[in-house]
Amino acid sequence: EHAKAGDLDVNPVRAKAVSNMRTQNKDEKVYLAPPKKMSIEELIGYMSTDEVLEVTPESLRLRKAELDPIERKKASRVKKQQQDAMKAKKK
């Protein structure tokens with residue numbers, strides 16, 4: 001969750017670039033809150049139309065249906081065009 005509308009693309013696997021330059025702001029340890037444990041019903045109520053729920057014996061995962069952010073934007077653009085066409089057709 002974050003303050004701005006829309007999705008926030010994050011890649012937790014990519015390492016921070018290491019350079020020889022000193023910076024003004026020192027690297028500080030970042031505290032990450034533990035993930036919330038939600039039930040299937042809570043996750044279904046929380047998810048949006050472009051997300052899927054993965055159910056495994058050990059865990060429940062909420063993720064985007066399209067993982068690539070570029071492909072996700074293309075798909076949302078096509079979906080919006082289809083909705084606009086349907087609205088224009090009804091008028």
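Refer to the structure presented above.
None of these values were measured; they are calculated from a predicted model.

A.B. asks: Is there a simple way to explain the overall build of the protein in this structure?
C.D. replies: Tallying secondary structure elements over the protein gives two helices and two strands in all. When the elements of the protein are put in sequence order from the N terminus, they spell out α-β-β-α. Within the protein, the proportion of its 91 residues that are buried is 4%. Counting only contacts in the protein whose residues sit at least 6 apart along the sequence, the fraction spanning at least 24 positions is 19%. Split by element, the accessible area of the protein, about 9400 Å² in all, is 56% carbon and sulfur.

A.B. asks: Would you take a moment to explain the pairing of strand E2 (residues 60-64) for this structure?
C.D. replies: Walk down a regular strand and you will see the side chains alternate between the two sheet faces. Pairing analysis gives five bridges linking strand E1 (residues 51-55) to E2, with the strands arranged antiparallel. Paired with Glu 54 across the two strands is Arg 61, which belongs to E2. In this antiparallel pair of consecutive strands, E1 and E2, the connection spans four residues.

A.B. asks: Help me understand the pattern of salt bridges, please; the structure alone is not making it clear to me.
C.D. replies: Here the idea is simple: oppositely charged side chains can pair when their charged atoms come close. One pass over the full model with this rule turns up five salt bridges. Notably, a salt bridge pairs Lys 64 with Glu 51, separated by 3.7 Å at the nearest N-O pair. With Lys 64 in strand E2 and Glu 51 in strand E1, this residue pair connects regions lying 13 residues apart in the sequence. In this structure Lys 64 comes out as buried when scored by relative accessible area, which is 12%. Glu 51 sits in the buried class, given a relative accessible area of 18%. One salt bridge connects Glu 71 with Lys 74, and the closest N-O pair in it is separated by 3.7 Å.

A.B. asks: Can you help me understand the side chain of Arg 72 in this one?
C.D. replies: Take Arg 72: it is sitting in helix H2 (residues 69-90). At 3.0 Å, the side chain of Arg 72 and the backbone oxygen of Leu 67 are in polar contact. Those residues within four positions of Arg 72 in sequence are excluded, and the remaining contacts are Asp 7, Asp 9, Asp 50, Lys 64, Glu 66 and Leu 67.

A.B. asks: Honestly, the layout of surface pockets in this entry has me stumped. Any pointers?
C.D. replies: Think of a ball as big as a water molecule: rolled over the atoms, this probe shows where empty space is left. Each pocket or cavity is described by its volume, and for the second largest pocket that value is around 300 Å³. In terms of lining, the second largest pocket is formed by 13 residues, of which the most central are Asp 7, Asp 50, Arg 72, Ala 75 and Ser 76. Tallied by class, the residues present in the lining of the second largest pocket amount to three nonpolar, three polar and seven charged.

Cut-off values and rules
- Residues numbered from 1 in each chain as written.
- Predicted model: local features only at pLDDT ≥ 70, side-chain atom pairs only at ≥ 80, totals over all residues.
- Heavy atoms only, no water.
- Helix = DSSP H or I, 4+ residues; strand = E, 2+ residues; numbered from the N terminus.
- Buried < 20%, exposed > 50% of the residue type's maximum accessible area, 1.4 Å probe, protein only.
- Contact = heavy atoms within 4.5 Å.
- Areas by Shrake-Rupley, 256 points an atom, 1.4 Å probe, with all protein chains shown as cover.
- Pairing = 2+ DSSP bridges.
- Salt bridge = Lys/Arg side-chain N within 4 Å of Asp/Glu carboxyl O.
- Polar contact = N/O pair within 3.5 Å; in protein donor to acceptor, adjacent residues only side chain to side chain.
- 1 Å grid on protein atoms, 1.4 Å probe; cavity = no way out; pocket = protein on both sides within 12 Å on 5 of 7 lines; lining within 4 Å.
- Points joined across faces, edges and corners; volume = space filled by probe spheres on them.
- Nonpolar A, V, L, I, M, F, W, Y, C, P; charged D, E, K, R; others polar.

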